[in-house]
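What follows is the residue order along each chain.
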Amino acid sequence: MKKQILLSCLLLLIAYAGFAQNKDKQAIANLMHNQQIAWSKGDIEGFMQGYWKSDSLMFIGKRGPAYGWQVTLDNYKKSYPDKAAMGELTFRLDKIELLGNKDAFVMGAWSLKREKDAPGGYFTLWFRKIDGVWKIVCDHTS
């Protein structure tokens, strides 16, 4: 009888852990979906809500690493001065890997649909759960 109770408790614990993981993965996917919507509306500030608002945020692009939420926002505004330059953003999420309770790795691809071209590339993101909310703390986009 004790073994059955112990086994039942273990199975419940495993089921709960799986539920929590799925919930976290869905929260990350939702954050990225909201970024897609904001970007496609021309709302860079809305897009930036997915990032950690800290001087320690790291963004690595073709010009190398840049640090800070404000620096990242300013760089986006310089590179994408208006809605036409921003285009319509689409993400493809290839992998969302939880690395414990507070860290996650995301890999995927991005593409823009604009009037004259359709650039795209790949990204890897490090997410961290900060005050119960998933935020991008490091973005490497090519």
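Nothing here was measured: the structure is a model prediction, and the numbers come from that model.

Observations concerning the overall build of the chain
Item 1. A count of helices and strands for the chain gives four helices and six strands.
Item 2. Along the chain, helices (α) and strands (β) appear in the sequence α-α-β-β-α-α-β-β-β-β when read from the amino end.
Item 3. Taking contacts inside the chain between residues at least 6 apart in sequence as the whole, the part at least 24 apart equals 50%.
Item 4. Just so you have it, the chain exposes about 9,300 Å², and 58% of that area is on carbon and sulfur atoms.

What about the sheet that holds strand β3 (residues 88-98)?
Item 1. Pairing in this open sheet of six strands is mixed, and the strands run β2-β1-β6-β5-β4-β3 from one edge to the other. Of all strands in the sheet, those bounded by a partner on one side alone are β2 (64-67) and β3. Across the sheet, the mean angle from the axis of one strand to that of its neighbour is 30°, orientation sign disregarded.
Item 2. The pairing of strand β1 (residues 58-61) with β2 spans four bridges and is classified as antiparallel.

Some points on the pairing of β3
Item 1. As judged from the 10 bridges shared by β3 and strand β4 (residues 103-113), these two strands associate in the antiparallel manner. Bridging from a neighbouring strand, T90 pairs with S111 of β4.

Brief notes about a nonpolar patch on the surface
Item 1. A contiguous nonpolar surface patch, about 250 Å² in accessible area, is contributed by L99, F105 and M107.
Item 2. Tracing the backbone through its elements, the reader meets L99 in the loop between β3 and β4.
Item 3. Given the relative accessible area of 51%, L99 is considered exposed.

Digging into unusual backbone geometry
Item 1. The phi torsion at D131 lies on the positive side, around 50°, for a residue other than glycine.
Item 2. On the accessibility criterion, D131 (79% relative accessible area) is exposed.

Focus on the nonpolar core
Item 1. Of all hydrophobic cores here, the largest spans 30 residues; its most connected members are W39, F47, Y51, Y76 and F127.
Item 2. Of all the secondary structure elements, the ones that give two or more residues to this core are α1 (2-40), α2 (44-47), α3 (69-79), β3, β4, β5 (120-130) and β6 (133-141).
Item 3. No other element matches the six residues that α1 contributes to this core.
Item 4. Other than its neighbours up to four places away in sequence, W39 contacts I44, F47, Y76, Y80, M86, G87, L89 and L112.

Side note on the environment of G42
Item 1. Mapped onto the elements, G42 comes out in the loop between α1 and α2.
Item 2. With near-sequence residues (within four places) excluded, G42 lies in contact with K83 and M86.

Here we look at the pattern of salt bridges
Item 1. Counted according to the given criterion, the structure contains six salt bridges.
Item 2. Here E97 and K95 are joined by a salt bridge, their closest N and O atoms 3.9 Å apart.
Item 3. Taking the relative accessible area as the measure of exposure, E97 reaches 35% and is therefore partly exposed.
Item 4. Put simply, D103 and R128 hold a salt bridge, and the shortest N to O gap is 3.0 Å. Within this pair, whereas D103 is found in strand β4, its partner R128 is found in strand β5, the two being separated by 25 residues in sequence.
Item 5. For R128, a relative accessible area of 32% translates into the label partly exposed.

Rules of the game
Residues numbered from 1 in each chain as written. Predicted model: local features only at pLDDT ≥ 70, side-chain atom pairs only at ≥ 80, totals over all residues. Heavy atoms only, no water. Helix = DSSP H or I, 4+ residues; strand = E, 2+ residues; numbered from the N terminus. Contact = heavy atoms within 4.5 Å. Areas by Shrake-Rupley, 256 points an atom, 1.4 Å probe, with all protein chains shown as cover. Pairing = 2+ DSSP bridges. Axes fitted to C-alpha atoms, helices over the stretch in contact; angles between N-to-C directions. Patch = residues over 30% accessible without salt bridge, like charges linked within 9 Å, V, L, I, M, F, W, Y side chains within 5 Å. Salt bridge = Lys/Arg side-chain N within 4 Å of Asp/Glu carboxyl O. Buried < 20%, exposed > 50% of the residue type's maximum accessible area, 1.4 Å probe, protein only. Core = buried A, V, L, I, M, F, W, Y, C linked by side-chain atoms within 4.5 Å.

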